[in-house]
Every structure is written in structure tokens, then in C-alpha cells.
Amino acid sequence: MTVLAERALALETPRHLGTRRRHPALTLTVRAGVPLLLLAAWWIGSATGALDPGILAGPPAVAGALGELLATGQLGDYLLASAGRAGLGVALGAGTGLLLGVVSGLSALGEDLVDPTLQMKRAVPFLALVPLFISWFGVQETFKVVLIAVAAVGPMYAYTYLGVRGVDRKVVEAARGFGLSGARLTFGVIIPSALPNILMALRVCLSISLTGLIAAEQIGATEGIGYLVTLSQQYYRNDYMLLCVLLYAVLGLLIDLGIRGLERLAMPWREHLAAR
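Residues numbered from 1 in each chain as written. Predicted model: local features only at pLDDT ≥ 70, side-chain atom pairs only at ≥ 80, totals over all residues. Heavy atoms only, no water.

Asker: Which parts of the structure should I look at to understand the overall build of the protein?
Answerer: Broken down by element type, the protein carries 12 helices and zero strands. In the protein, the succession of helices and strands from N to C terminus is α-α-α-α-α-α-α-α-α-α-α-α. A buried classification covers 33% of the 276 residues belonging to the protein. For the protein, restricting intrachain contacts to residue pairs at least 6 apart in sequence, the fraction spanning at least 24 positions comes to 73%. Carbon and sulfur atoms provide 67% of the accessible area of the protein, an area that totals close to 17,100 Å². (Helix = DSSP H or I, 4+ residues; strand = E, 2+ residues; numbered from the N terminus. Buried < 20%, exposed > 50% of the residue type's maximum accessible area, 1.4 Å probe, protein only. Contact = heavy atoms within 4.5 Å. Areas by Shrake-Rupley, 256 points an atom, 1.4 Å probe, with all protein chains shown as cover.)

Put into C-alpha cells, the structure is as follows:
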């Protein structure tokens, strides 16, 4: 047997280079494992008396508070009020940030005009603008929507700007070689190429909007989850406070799941790019 034949026999079978997908049930179990463990530790600590109910209410008390809100129908009204404010604010803020990010990323003149102002705005915490906005808009719905919109502008602008500037120049030149220019080039090549950054910006905007929502609904509101937080503080209802925290956590989880689903629909090819 020749040396080449011996080496051929010694070669290993190549590993599978495709995507190895876990079973959906296993994925769900792993993702839910840590939250369930935390819930179990919270429940056991409350049941054994290790956790003072005056400091941290137990799961049965929080479930009772949830039942009270469901029985009165207030929970649905509060959720709808908060969702409407957050949705409108994010739509205005994210839309403005997307437009400014594209203009600044595509044009040197646009960058000179827009970027300094947006960078200064990003350096100012949006909560510091609350007293100013109250003096301008009062404490009604306009104030709440504007505050959430201002909170959403910065992340959308920054991620969109980076995404547009990061588009491969060779791709742009190839598209121009096929006759694309102006709006066709922007919406057909540049924005789809920057879509991963834009969707990440949307995820950040929706998360930050929850912070703005809490601040907005604690001033001059008569309904909403933030208003419920204020009531729980006034009446020292620890169970309601924890319920609001859990509601925000569930909203954050639903936002993340929604963005993940949008990513799969808008960018199906990215599923095959991850090195897993």
C-alpha cells in the first residue's frame, strides 16, 4: 500500500457544515429555564418566610392583585392606554430618526447639518427634558407622546446612520452599474443592506420607550401602567408594584419576540449566516 493510499484511509469524514437546528421544544425549555427557576426561588422564599412580604410580596399576593384588576376591567384599559401612547411615540420618534439617519449617512451635507445636533441631543438624558416639556405641552397626552418620541429618536438615528455608512461600496457601485440611482438605489439596495442595524434600532427604541412611558404616565395620567405604579406607591401596595414590574417584563419579552419574527420575515438569509 502506497503512502498516498495510507493517508487517504486516515482521512476523517468531514463534519456537517450545514445548519444544525435544535428541536423547538428543547429551545423553548432552555429559554424558559432561568425565568422558571427564578420564579420557583421567589415562590419558595415567600412560602418559607425567608422573604419579608412587606419588602417583597409573594406570588399569591401578586396573582391576587392581577385578579382584582381583571375583575374590574382596569387592566385591559391600562394596557391599551399605555400601548397607544408608546406606539404613537415610537412611530414618530423612530420614523424621524430613520429619516435623519438615512439623510446623514448618504450625504456629506446632510451629515454636517444633522449629525452635530443629534449627537448633542443624545448626550442629554431625555428625562431631563420632562420639566421643559411640561411647560411647553402641559401634562396631557401630547406631553407623553412627545417624551416617548424624543427618547426613540436617538437610537434609531445612530443605528441607521451606522448601517447606511457600513453598506459595502462595491455593492453600491454594482447597483449603479445596473442603472439604479436616487430613490431606487436608496430603497432597493442601501436600506435593505442596513436593515439589520435598523431592526436592532427598533428593538432598542421599543425598550427605551418603556422607560419614557413610566416617566410620562406618572405625571398627570389617569390610566396606564405607569399610573398604576404611582397608585401602588401612594397606597403602599407592594403586590401592585411587583405586578407592574412583571407587566413591563412581559411587554419587553413580547417586543423581543415580535422583532425576532420581523427579522425572520425581512431577512430570511441571515439564518444561514450565523456560525452555530
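Asker: Would you take a moment to explain the packing of helix α10 (residues 195-217) against helix α12 (residues 238-266) for this structure?
Answerer: Any two packed helices are characterised by how steeply their axes cross, that is the angle between the axes, and by the distance between the axes. In the contact formed by α10 and α12, the axes pass within 10 Å of each other and the chain directions differ by 160°. The angle between the axes of α10 and α12 places the two elements in the roughly antiparallel class. Between α10 and α12 the crossing geometry is right-handed. The residues of α12 that touch α10, namely those facing Leu195, Leu199, Leu202, Arg203, Leu206, Leu210, Leu213, Ile214 and Glu217, are Tyr248, Leu251, Gly252, Ile255, Asp256, Ile259, Arg260, Leu262, Glu263 and Ala266. (Axes fitted to C-alpha atoms, helices over the stretch in contact; angles between N-to-C directions. Parallel < 35°, antiparallel > 145°, perpendicular 65-115°, else oblique. Left-handed = near helix turned anticlockwise from the far one by under 90°.)

Asker: What am I meant to see in helix α9 (residues 182-193) here?
Answerer: The α-helix winds at 3.6 residues per turn, so residues separated by three or four positions along the chain end up facing the same way. When the terminal C-alpha atoms of α9 are compared, their 16 Å separation across 12 residues agrees well with the 16 Å that a helix rising 1.5 Å per residue should span. Those residues of α9 that are buried lie in contact with α4 (74-106), α7 (141-165), α8 (169-177) and α10. (Expected span 1.5 Å × (residues − 1).)

Asker: Even after reading the chapter, I still don't get the pattern of salt bridges, so can you show me in this structure?
Answerer: When charged atoms on two side chains of opposite charge get close, those side chains can pair. In this structure the tally under the stated criterion is eight salt bridges. As a salt-bridge pair, Arg237 and Glu68 come within 3.8 Å of each other at their nearest N and O atoms. Here Arg237 is found in the loop between α11 (225-234) and α12, whereas its partner Glu68 is found in helix α3 (residues 59-72), with 169 residues between them in sequence. Glu68 sits in the partly exposed class, given a relative accessible area of 39%. (Salt bridge = Lys/Arg side-chain N within 4 Å of Asp/Glu carboxyl O.)

Asker: Honestly, the environment of Ser135 in this entry has me stumped. Any pointers?
Answerer: Along the chain, Ser135 falls in helix α6 (residues 130-137). Within the local environment of Ser135, its side chain forms a polar contact with the backbone oxygen of Leu132, the two atoms lying 2.5 Å apart. (Polar contact = N/O pair within 3.5 Å; in protein donor to acceptor, adjacent residues only side chain to side chain.)

Asker: Quick question: what am I supposed to make of the packing of aromatic side chains here?
Answerer: Geometrically, a pair of aromatic rings is defined through the distance of the ring centres and the angle of the planes. Within the structure shown, the criterion is met by five aromatic pairs. Between Phe133 and Trp136 the ring centres are 5.9 Å apart and the planes differ by 40°, which places this aromatic pair in the tilted class. Here the residue Phe133 and the residue Trp136 both occupy positions in helix α6, the gap between them amounting to three residues, near one helical turn. Using a relative accessible area of 7% as the deciding quantity, one classes Phe133 as buried. Summarising the aromatic geometry, the rings of Tyr157 and Tyr161 are spaced 6.0 Å apart at their centres and angled 15° between planes, so their arrangement reads as stacked. Pair noted here: Tyr157 and Tyr161 are both in helix α7, with a separation of four residues, about one helical turn. Here the two residues Tyr157 and Tyr161 agree in accessibility, since each one is buried. An aromatic cluster is present here, built from Phe133, Trp136 and Phe137 joined pairwise through their rings. (Phe/Tyr/Trp six-rings, centres within 6.5 Å; stacked < 30°, edge-to-face > 60°.)

Asker: Would you mind showing me how to read α3 here?
Answerer: For α3, built from 14 residues, the straight-helix expectation of 20 Å at 1.5 Å per residue is met to within 8% by its first-to-last C-alpha distance of 20 Å. Where α3 is concerned, the buried positions are Pro59, Val62, Ala65 and Leu69. All buried residues of α3 fall inside an arc of 125° around its axis, so they share one side. Exposed residues pointing more than 90 degrees away from the buried face of α3 are listed as Pro60 and Ala71. Gly73 sits one or two positions beyond α3 and adopts a positive phi of about 80°. (Arc of directions from axis to C-beta.)

Asker: Sorry, what's going on with the packing of α7 against α10 here?
Answerer: Between α7 and α10, whose axes approach to 8 Å, the crossing angle comes to 160°. By the angle between their directions, the pair α7 and α10 is classed as roughly antiparallel. Crossing of α7 over α10 shows right-handed handedness. In terms of residue class, the contact of α7 with α10 is made up of 19 nonpolar, five polar and two charged. (Nonpolar A, V, L, I, M, F, W, Y, C, P; charged D, E, K, R; others polar.)

Asker: Would you take a moment to explain the side chain of Asp115 for this structure?
Answerer: Topologically, Asp115 is positioned in helix α5 (residues 108-123). Each residue touching Asp115, except ones within four places of it in the same chain, is listed here: Ser104, Gly110 and Tyr157.

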